[in-house]
Each structure stands twice: as C-alpha cells, then as structure tokens.
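Chains, contacts and geometry: an overview
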Amino acid sequence: MAEFEKRLACVINTDGTIAQGYRVERCELQGENRTIITWKVALQGEA
C-alpha cells in the first residue's frame, strides 16, 4: 500500500469540477478486505 502514500486524491462534482482535494498520508491494510486511509489536511486553492 506504500505506493499510494503522498499521492493526491480528489472529490469530483457532477459537472466535472474538483470539489475537494486531499493528499494520502498513510494506507494500512487491516485484513483481507479492509484498508484504513489517513488523509492530510485538505489541499487549498484552485486545482
């Protein structure tokens, strides 16, 4: 899961614009079908 750390993720509005952006701080695999994702503070400004 380390390949996802420090990557960017975003929430997309229905019109295709970016609603909110985040940076993945940490991913922890807990069991076969459970992953805990810790986000950094939301990104600021325009994308």
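All of the points below concern the structure found in this document. Since the structure is predicted, the reported quantities are computational estimates derived from the model, not experimental observations.

Thresholds, definitions, all that
Residues numbered from 1 in each chain as written. Predicted model: local features only at pLDDT ≥ 70, side-chain atom pairs only at ≥ 80, totals over all residues. Heavy atoms only, no water. Phe/Tyr/Trp six-rings, centres within 6.5 Å; stacked < 30°, edge-to-face > 60°. Helix = DSSP H or I, 4+ residues; strand = E, 2+ residues; numbered from the N terminus. Buried < 20%, exposed > 50% of the residue type's maximum accessible area, 1.4 Å probe, protein only. Pairing = 2+ DSSP bridges. Axes fitted to C-alpha atoms, helices over the stretch in contact; angles between N-to-C directions.

Here we come to the packing of aromatic side chains. By the definition in use, this model includes one aromatic pair. Ring centres 5.6 Å apart and planes at 50° place the aromatic pair Y22 and W39 in the tilted group. Taken as a pair, Y22 in strand β2 (residues 18–29) and W39 in strand β3 (residues 35–39) lie far apart in primary sequence, 17 residues in all. On the basis of relative accessibility, which here comes to 26%, the residue Y22 falls in the partly exposed class. Its relative accessible area of 40% is what places W39 among the partly exposed residues.

For the rest of this paragraph, the subject is the sheet that holds strand β1 (residues 8–12). Strand order in the open sheet made by the three strands is β1-β2-β3, with antiparallel pairing throughout. Of all strands in the sheet, those bounded by a partner on one side alone are β1 and β3. Averaged over all neighbouring strand pairs, the angle between strand axes comes to 50°, with direction disregarded. With five bridges connecting them, β2 and β3 associate as antiparallel partners.

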